[in-house]
Amino acid sequence: MIWDAVILGAGHNGLVTACYLARAGMKVCVVEKNDWIGGAAVSRELTPGFTYSNCSYVSSLFRPEIMRDLELPRHGLQILPYEGGAVLKEDGGFLAMYRDHDANRREFARHSPRDAEAYDIYSRDVQRHCRFIRPLLLRTPADPASFRPRDIGELIWIGKHMSGLSEQQIAEMVRFWTMSISDYLDHYFENPVIKAYLAVSAIIGTALGPMSPGSAYVLLHHYMGDVDGNVGAWGFARGGMGAITRALAASFTATGGEIRTGSPVGKVLVKNGRAVGVALANGDEIRAKRVISNMDVKRTMLRHVEEAELPQDYVSSVRRFKTRGSSGKLNIALDALPRFPALPEGAPHLRGDLHFTDSIERMERAYDDWKSGHFSRDPFQDVMIPTTIDPTMTPPGKHFMSCFVQYAPPKIEGRDWTDADRDAFGRTCLDQIERYSPGFKDLVLHVEVRTPRELEAEVGLTDGNIFQGELTFDQLLFNRPVPGYANYRTPVRDLWICGSSTHPGGGVMGAPGRNAAAEILRDAKRPARDMSDAWAVL
Amino acid sequence: MPGPFSSTGTTDVVVIGAGPNGLACAARLAQKGRRVTLLEAEPEPGGGARALPDIAPGWPSPALAHLVRHIDPRVEAAMDLSRHGLDWMAADLPTTVLSPQGHLTLRGDQAEGADAAAWAALHRRLMSFAAALEPFRQMPPPRLAASGNAWGQLARNALGLRKLGATEFREFLRLILINAHDVAQDELTDPRLRAALCFDATLGAWAGPRSPNTLILYLDRLAGQIAGGKAALGLPRDGLPGLARAMARAAQASGVTLRTNARVARIEIANDRVAGLVLTDGTAISAPLVVSAIGPKPTLLNLVGPRHLDAGMTTRLRHQKSRGGAAKLHLALSDLPDFGTDPKARLILAEDEHAVETAFNPVKYGEVPDAPVMEIVLPSAFTGGQAPAAPHVLSAIVQFAPHAPRAGEDTARAAMLAACLARLERAAPGIGKLIVKADLLMPYDIERKFGMAGGNWHHGELSVEQMLFLRPLPQLSRYATPVSGLWLTGAGTHPGGMSGAAGWNAAEAILEAGA
């Protein structure tokens, strides 16, 4: 048979595209190399009885429009908002964070009354930037070099969108988009711990330090999500992050879609410049009217498409697409809840994210290590214990701890990671936790250490970049992934890209998958069904 | 206020600060018939181009700036600088990258080595981008609001960008905010060429080449021209003081009254209008129009005072980034040092892109780098053979240096000097024995000697978030200030630098406003 579409990779974006196409009446097949689905949004039982969110670990960015369109709650998805968290200081004190703005403000006042006041202004300003950018997430970026009516129309739309802002606000926005988070926060705050806490979202997953210009935008990227309408709030998916992709898969199969796991892709089949299907690594061929890749642009184009089918300048553009990985991950099974003596007994902070990096300088020094080709000797860790809120992931009384680590380079001093490097990296992270939680290591039942090498091998992220490509301006909006091809298309007719290396980029957001689906349906002259805001791209 | 303000002199316009921009601004206003008084705090005009006291008796010091990259063509033509004594020892200096793997010389799009073709292609592309951006420097920054723009000129400039063609325009949009390091790695294989690109992109900036938004600084450099030569490096006879003297003579010939040793203590304001100013010696000068070229921060925060500004602007000005990252090294030498290459060049001491980045790392934390990178000029090499022989002097811009060192100013200066000399000794063995005297100006020394906030030679960092309509602040970007009759010019205003463009633009804005 000939499918209407075959989708390469069952990550969240591939599944989002699959769902929308299936709902519009297409016969869609998803192929996945692993024996499980989910890509980087997975729940895996790596030690008996313990469910790990062993890649992405929190949810906020996933677009509520998609959740509604695809009826994900009905298919079992539940997002549990979490409380806040704390930064543990080197001197034994701590800064707590809460979901509630006023509670935060009171906590800030304990550290700096001036910063407590500044926090109101800061939150208002950042919210304004978020509100401006959110409508852009579900739109195909206009090509500023094109004279096609649609691109010109889109540019006019952006102009109108901006006309609601005052001259001062536009100036502020340009500053925000181009500044470093360190400079930006200096403008509002004086306390180093408060600044360190607020800078976190600007460095997670990026190959930038907090003092790198452009890092303030990354903060926005992490802030523009919401949980149940609370902008900027974060939550856990009940049952681990795999719950998101499981719900997507359920929604997809309920509308007649088919998923084939354990089916690595060999080559995209191209005939007369058109994609006509895919040959799996085992030689099986799946014929389809269109091929849609959830893999990043480098992996798709450089590994699975014959170079002869692509224009040379496109290939060089894809080659220089920056995918330097910068993050690692420790997934830990714990015998009991660890104790942090700095925090009051029974405090709610363990139900949020814990950080040990109490100044921007320590974060930046961690980045300097990455630049010189080494993992950070004093890394930044975003530590979460989702089982404090979602006990379904472990046996009673036990816990799962997720430690996201910045920075880990794709190569160690120019050579590939070895197991010894990986173990040294893991030890560095565990030792850091032990310093703030004496006896912590005795609670550890099992550790999975993931460096960019593991992320690439298992999830398929080139160089282990969790966003499928760095989030700097040269790779955002109409530049993502390649100038002239930001509309989810490729030089090969009927070959599409729907993953995070397309606009608006990484994070478990689903927006690239949805936007790609909208473009595909438009191209196929099919009405989009069940797609809210379909006008945005159609 | 101590009694009513009474003046001892009257003039139409007072320009504060006789640096290149102050001189250009004063000259333009005088040419248009204004009575202009130009006040300079130091004994010599020139600002960053002025002559400094001798390093040692018999060894004249180079100026803070030691090469010319840009003289605004409007300024050059209208001030007729060559008639007033500007003469070039070299108007198109080659650059030589000093490297342990052998030196490499480049001049414009011509480079030695295996990467010659790649360098030429990259250089030509970036030159075309720079040329498309250049017209923006010769106008006040566009306003974002609908009113007040020179729409015709803006449309012409925008069309200039679009005329690059679809492919090149896309490439322009990709590269405009990229970092220099990635471009160097994408396009070049020779570490010495990568070093040259990364060094020039971050020269004078508080940023390493891996910082996004650094390639645009390189484009800004390429957009410069001297005597009609694009992206050229010029060394005037007598160095930068030669340029300063020519500009001062030209300004005076236009009718500008230049007063040196005249340091302004405060700007007098009555009813939100400029009334005049008072010098540190008590002299009062009344003028309805004051243009300050000494930098937005010192002008508004010190000479005007927060009392006359709204609180928001004061805060913004205080937070405006003005971190200097460059130090200036002057060596009096008993002989010409041997770098193993033709000394009639600009020498860059940085072996690759990482060396530049690594030199920036410690500066972020107020520390001194172990291995600074530098741009070296040996003026005496150009006057060789003349009698009497010129004394040998080495002039180097050393990057990066902390502007607020944690270890204390004197300790940091000593450590920086030691690091510089060690690095020079490796590049030119034996140079240490030739040193008669060494002078190092750290950013804080530069701030003190030249009044540049934070020791940043642009009077405020020239970074994307402080460029164009954001320079120095959105409210101040069109040279006017909230105080009626007070205007800003100088490197702290658009487009930055010491080309005279900011001075000329400000003068044009003042004339257009009929102020």
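As the structure is a computational prediction, the values presented were derived from the model and not from experiment.

Peer 1: For this particular structure, what's the right way to read unusual backbone geometry?
Peer 2: Most peptide bonds are trans, and most residues other than glycine sit at a negative phi. Residues and elements named next belong to chain A. The omega torsion of the bond from glutamine 406 to tyrosine 407 falls at 10°, within 30 degrees of zero and hence cis. For tyrosine 407, the location among the structural elements is in the loop between strand 20 (399–406) and helix 14 (419–436). Geometrically, the link from arginine 480 to proline 481 is a cis peptide bond, its omega value of -5° lying close to zero. Residue placement: proline 481 occurs in the loop between helix 15 (452–459) and strand 22 (495–497). You will see that asparagine 272, though not glycine, has its phi angle at about 50°, which is positive. Among the secondary structure elements, asparagine 272 is positioned in the loop between strand 13 (265–271) and strand 14 (274–280). Its identity as a non-glycine residue notwithstanding, glutamate 413 has a phi of 45°, on the positive side. Considering the arrangement of structural elements, one finds glutamate 413 in the loop between strand 20 and helix 14.

Peer 1: How should I be thinking about the domain arrangement of chain A in this particular structure?
Peer 2: Residue and element names in this part refer to chain A. Taken as a whole, chain A is organised into domain 1 (2–38 + 62–76 + 240–321 + 470–536), domain 2 (104–231) and domain 3 (323–462). Between domain 1 and domain 3 the total buried area reaches about 820 Å² when both faces are included, carbon and sulfur atoms providing 36% of it. Between domain 1 and domain 3 we count 2 salt bridges in total. Arginine 303 serves as the salt-bridge partner of glutamate 456, at 3.4 Å between the closest nitrogen and oxygen. Remark: the boundary between domain 1 and domain 3 carries 8 residue pairs in polar contact (both at pLDDT 80 or more). Split into classes, the residues belonging to the side of domain 1 that touches domain 3 amount to 2 nonpolar, 2 polar and 6 charged.

Peer 1: Got a minute to help me understand the interface of chain B and chain A in this structure?
Peer 2: How large an interface is tends to be reported as the accessible area lost when its parts come together. Taken residue by residue, the interface counts 37 residues in chain B and 37 residues in chain A. Here chain B and chain A share an interface that buries about 3500 Å² over both sides, 53% of which is from carbon and sulfur atoms. On inspection of chain B and its partner chain A, the count reaches 14 salt bridges. For the interface between chain B and chain A, the tally reads 22 residue pairs in polar contact (both at pLDDT 80 or more). Counting residues per element, the ones that place at least two in the side of chain B that touches chain A are helix 5 (166–175), helix 6 (180–187) and helix 11 (311–319) of chain B.

Peer 1: Whenever I open this one, the side chain of serine 501 of chain A confuses me. Can you help?
Peer 2: All names here are of chain A. Mapped onto the fold, serine 501 is located in the loop between strand 22 and helix 16 (511–523). A polar contact is formed between the side chain of serine 501 and the backbone nitrogen of valine 297, at a distance of 3.1 Å. In contact with serine 501, other than residues within four places in its own chain, are Met295, Asp296, Val297, Phe321, Phe467, Gln468, Arg480 and Pro481.

Peer 1: Help me out: how do you make sense of the nonpolar core in this one?
Peer 2: Formed by 66 residues in total, the largest nonpolar core has its most connected members in Phe108, Tyr122, Ile181, Tyr184, Leu185, Phe189 and Leu198 of chain A. If you list the elements that add at least two residues to this core, you get strand 8 (94–98), helix 4 (113–137), helix 6 (167–178), helix 7 (181–186), helix 8 (192–203), helix 9 (215–223), helix 13 (360–371) and strand 19 (380–384) of chain A. Per-element accounting of this core gives the leading share, 10 residues, to helix 4 of chain A. Once residues within four sequence positions are removed from consideration, leucine 198 of chain A is found in contact with Phe108, Tyr122, Leu185, Phe189, Leu219 and Tyr223 of chain A. If you look at the next biggest cluster of nonpolar residues, it comprises 61 residues, including Phe172, Val183, Ala326 and Ile397 of chain B.

Peer 1: Just to check I follow, could you spell out the packing of helix 7 (residues 191–202) of chain B against helix 8 (residues 215–222) of chain B for this structure?
Peer 2: Helices that pack against each other are described as a pair by the angle of their axes relative to one another and the distance between those axes. Residues and elements named next belong to chain B. Put simply, helix 7 and helix 8 touch, their axes get as near as 7 Å, and they point 85° apart. Judged by the inter-axis angle, helix 7 sits roughly perpendicular to helix 8. Between helix 7 and helix 8, the residues in contact are Leu197, Asp200 and Ala201 and Leu217, Tyr218 and Arg221, respectively. Taken together, the residues that form the contact of helix 7 with helix 8 break down as 4 nonpolar, no polar and 2 charged.

Peer 1: Mind showing me how you'd approach a nonpolar patch on the surface here?
Peer 2: Among the surface-exposed residues, Phe147, Ile152 and Ile156 of chain A lie close enough to one another that they form a single nonpolar patch of about 310 Å² accessible area. One can find isoleucine 156 of chain A in helix 5 (residues 149–163).

Peer 1: Sorry if this is basic, but what is going on with the side chain of asparagine 213 of chain B here?
Peer 2: Checked against the element boundaries, asparagine 213 of chain B lands in the loop between helix 7 and helix 8. You can call asparagine 213 of chain B buried: its relative accessible area is 7%. A polar contact of 3.1 Å, which involves the side chain of asparagine 213 of chain B, links it to the backbone oxygen of threonine 178 of chain A. Once you skip the residues sitting within four places of it in the chain, asparagine 213 of chain B turns out to touch Thr178 and Pro213 of chain A together with Leu177, Ile178, Asn179 and Val464 of chain B.

Peer 1: Help me out: how do you make sense of the sheet that holds strand 8 of chain A in this one?
Peer 2: Working definition: the strands of a sheet are paired by backbone hydrogen bonds and lie parallel or antiparallel to each other. Residues and elements named next belong to chain A. Taken in spatial order, the 7 strands make up an open sheet running 8-7-18-19-20-17-21, and their pairing is mixed. Bordering the open sheet on either side are strand 8 and strand 21 (444–450), each of which pairs with just one other strand. Averaged over neighbouring strand pairs, the angle between their axes works out to 20° when direction is ignored. One ladder, built from 6 bridges, connects strand 17 (residues 327–334) with strand 21; its direction is antiparallel. Across the sheet, the residue bridging to leucine 334 is valine 444, located in strand 21. Packed on one face of the sheet, helix 15 meets strand 17 and strand 21 and runs near 80° to strand 21.

Conventions used here
- Residues numbered from 1 in each chain as written.
- Chains lettered and ligands numbered in written order.
- Predicted model: local features only at pLDDT ≥ 70, side-chain atom pairs only at ≥ 80, totals over all residues.
- Heavy atoms only, no water.
- Helix = DSSP H or I, 4+ residues; strand = E, 2+ residues; numbered from the N terminus.
- Domains from an automatic or database assignment.
- Buried area = accessible area lost by both parts, 1.4 Å probe.
- Salt bridge = Lys/Arg side-chain N within 4 Å of Asp/Glu carboxyl O.
- Polar contact = N/O pair within 3.5 Å; in protein donor to acceptor, adjacent residues only side chain to side chain.
- Nonpolar A, V, L, I, M, F, W, Y, C, P; charged D, E, K, R; others polar.
- Contact = heavy atoms within 4.5 Å.
- Core = buried A, V, L, I, M, F, W, Y, C linked by side-chain atoms within 4.5 Å.
- Buried < 20%, exposed > 50% of the residue type's maximum accessible area, 1.4 Å probe, protein only.
- Axes fitted to C-alpha atoms, helices over the stretch in contact; angles between N-to-C directions.
- Parallel < 35°, antiparallel > 145°, perpendicular 65-115°, else oblique.
- Patch = residues over 30% accessible without salt bridge, like charges linked within 9 Å, V, L, I, M, F, W, Y side chains within 5 Å.
- Areas by Shrake-Rupley, 256 points an atom, 1.4 Å probe, with all protein chains shown as cover.
- Pairing = 2+ DSSP bridges.

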